[in-house]
Amino acid sequence: MEIYPTLFPVVAALLVDDTGRVLVQQRPQGTAMAGLWEFPGGKIEAGESPETALVRELAEELGITVLPDACEPLTFASATLGQKHLILLLFRCTAWQGEPRALHATALRWATVAELYSLPMPPADLPLLPIIAQSLGQKPVCS
Ligand SMILES: Nc1nc2c([nH]c(=O)n2[C@@H]2O[C@H](COP(=O)(O)OP(=O)(O)OP(=O)(O)O)[C@@H](O)[C@H]2O)c(=O)[nH]1
């Protein structure tokens, strides 16, 4: 009998600034994948919609307020993560209130898509980069 992995739903935000750079944060020591750069977000808790989870995570992690209306689904990643199977829902957020602060992460960084390719990121994020580049009208980086 085939055993199917438990799905692990996570939301993340692509926050884009006026110059087309996107915000990434560095995972803190003591967490899985410490030191890697990721898009702000986190687990969808029981009883939450993806949009509700996104608003909560961005408030907790960055201290900013986004309205669900200012965030639209962009793409998703699907990848094995230990014993589970990660479903990472990436939303593009076009407006928010407040200046992002690293409330959970070790550091924040605004990066061009070309710079993202040179940052260590979780494996699940790598297939997202060409899609992000395309959505921002930037050229994907050939490896
Ligand atoms: N936020 C975020 N998580 C990602 C990305 N890519 C990726 O593989 N993940 C994985 O998705 C999972 C998110 O879970 P988490 O534990 O960080 O979420 P959380 O903020 O709810 O954590 P918490 O339990 O400390 O509250 C982690 O295993 C993380 O490595 C990404 O770009 N952004």
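All values reported here derive from a predicted model rather than from experimental measurement.

What am I meant to see in the environment of Asp18 here?
Position of Asp18 among the secondary structure elements: in the loop between β1 (6-15) and β2 (22-26). In the structure, Asp18 is positioned 76 residues away from Thr94 in sequence and 9.7 Å away in space, judged by C-alpha atoms.

What is the right way to look at the state of the cysteines in this model?
Structurally, a disulfide amounts to a covalent bond that connects the sulfur atoms of two cysteines. Across all of its chains, the model carries one disulfide by this definition. Paired through a disulfide, Cys71 and Cys93 show a sulfur-sulfur distance of 2.4 Å. One quick way to see it: the torsion about the S-S bond of Cys71 and Cys93 is about 105°, and its sign makes the bridge right-handed. Of this pair, Cys71 sits in strand β5 (residues 71-81) while Cys93 sits in strand β6 (residues 84-93); the two residues are 22 residues apart in sequence, bridging distant segments of the chain. We classify Cys71 as buried; its relative accessible area is 9%.

Is there a simple way to explain helix α3 (residues 128-135) in this structure?
Given 3.6 residues per helical turn, the α-helix brings residues three or four places apart onto the same face. All buried positions along α3 are accounted for by Leu128, Leu129, Ile132 and Ala133. Burial along α3 is one-sided: seen end-on, the buried residues are contained in an arc of 135°. Packed against the buried residues of α3 are β1, β5, β6 and α2 (113-118). Positive backbone phi, approximately 70°, marks Gly137, located one or two places after α3.

What's the story with the site of the ligand in this structure? I'm lost.
For the ligand, the set of nearby residues contains 18 residues, the closest of which are Arg27, Phe39, Lys43, Glu61 and Asp125. With respect to the ligand, the side chain of Arg27 contributes an N or O atom lying 2.9 Å from an oxygen atom. In this structure, Glu57 approaches the ligand through a side-chain N or O atom, which is 3.2 Å from an oxygen atom. Within the complex, the protein chains bury 80% of what would otherwise be the 650 Å² of accessible surface of the ligand. Its atoms largely coinciding with the cavity grid, the ligand occupies the largest pocket. Every element with two or more residues in the shell around the ligand is listed here: β1, β4 (41-43), α1 (50-62) and β6. Its residues placed into classes, the shell around the ligand shows ten nonpolar, two polar and six charged.

Looking at this structure, how should I read the packing of aromatic side chains?
Any two aromatic rings considered together are summarised by their centre-to-centre distance and by the angle between their planes. Overall, the coordinates contain one aromatic pair when judged by the stated rule. The interplanar angle of 20° and the centroid separation of 6.3 Å between the aromatic rings of Trp96 and Trp110 together place this pair among those described as stacked. One end of the pair, Trp96, is in the loop between β6 and β7 (108-111); the other, Trp110, is in strand β7, and 14 residues separate them in sequence. Looking at Trp96, the relative accessible area reads 23%, which means it is partly exposed. Lying across the ring of Phe8, Lys84 places its NZ or CZ 4.8 Å from the centre.

Reading the values: rules and limits
- Residues numbered from 1 in each chain as written.
- Predicted model: local features only at pLDDT ≥ 70, side-chain atom pairs only at ≥ 80, totals over all residues.
- Heavy atoms only, no water.
- Helix = DSSP H or I, 4+ residues; strand = E, 2+ residues; numbered from the N terminus.
- Disulfide = S-S within 2.5 Å.
- Buried < 20%, exposed > 50% of the residue type's maximum accessible area, 1.4 Å probe, protein only.
- Arc of directions from axis to C-beta.
- Contact = heavy atoms within 4.5 Å.
- Near = heavy atom within 4 Å.
- Polar contact = N/O pair within 3.5 Å; in protein donor to acceptor, adjacent residues only side chain to side chain.
- Areas by Shrake-Rupley, 256 points an atom, 1.4 Å probe, with all protein chains shown as cover.
- 1 Å grid on protein atoms, 1.4 Å probe; cavity = no way out; pocket = protein on both sides within 12 Å on 5 of 7 lines; lining within 4 Å.
- Sits in = over half its atoms within 2 Å of the grid points.
- Nonpolar A, V, L, I, M, F, W, Y, C, P; charged D, E, K, R; others polar.
- Phe/Tyr/Trp six-rings, centres within 6.5 Å; stacked < 30°, edge-to-face > 60°.
- Lys NZ or Arg CZ within 6 Å of the ring centre and 35° of its normal.

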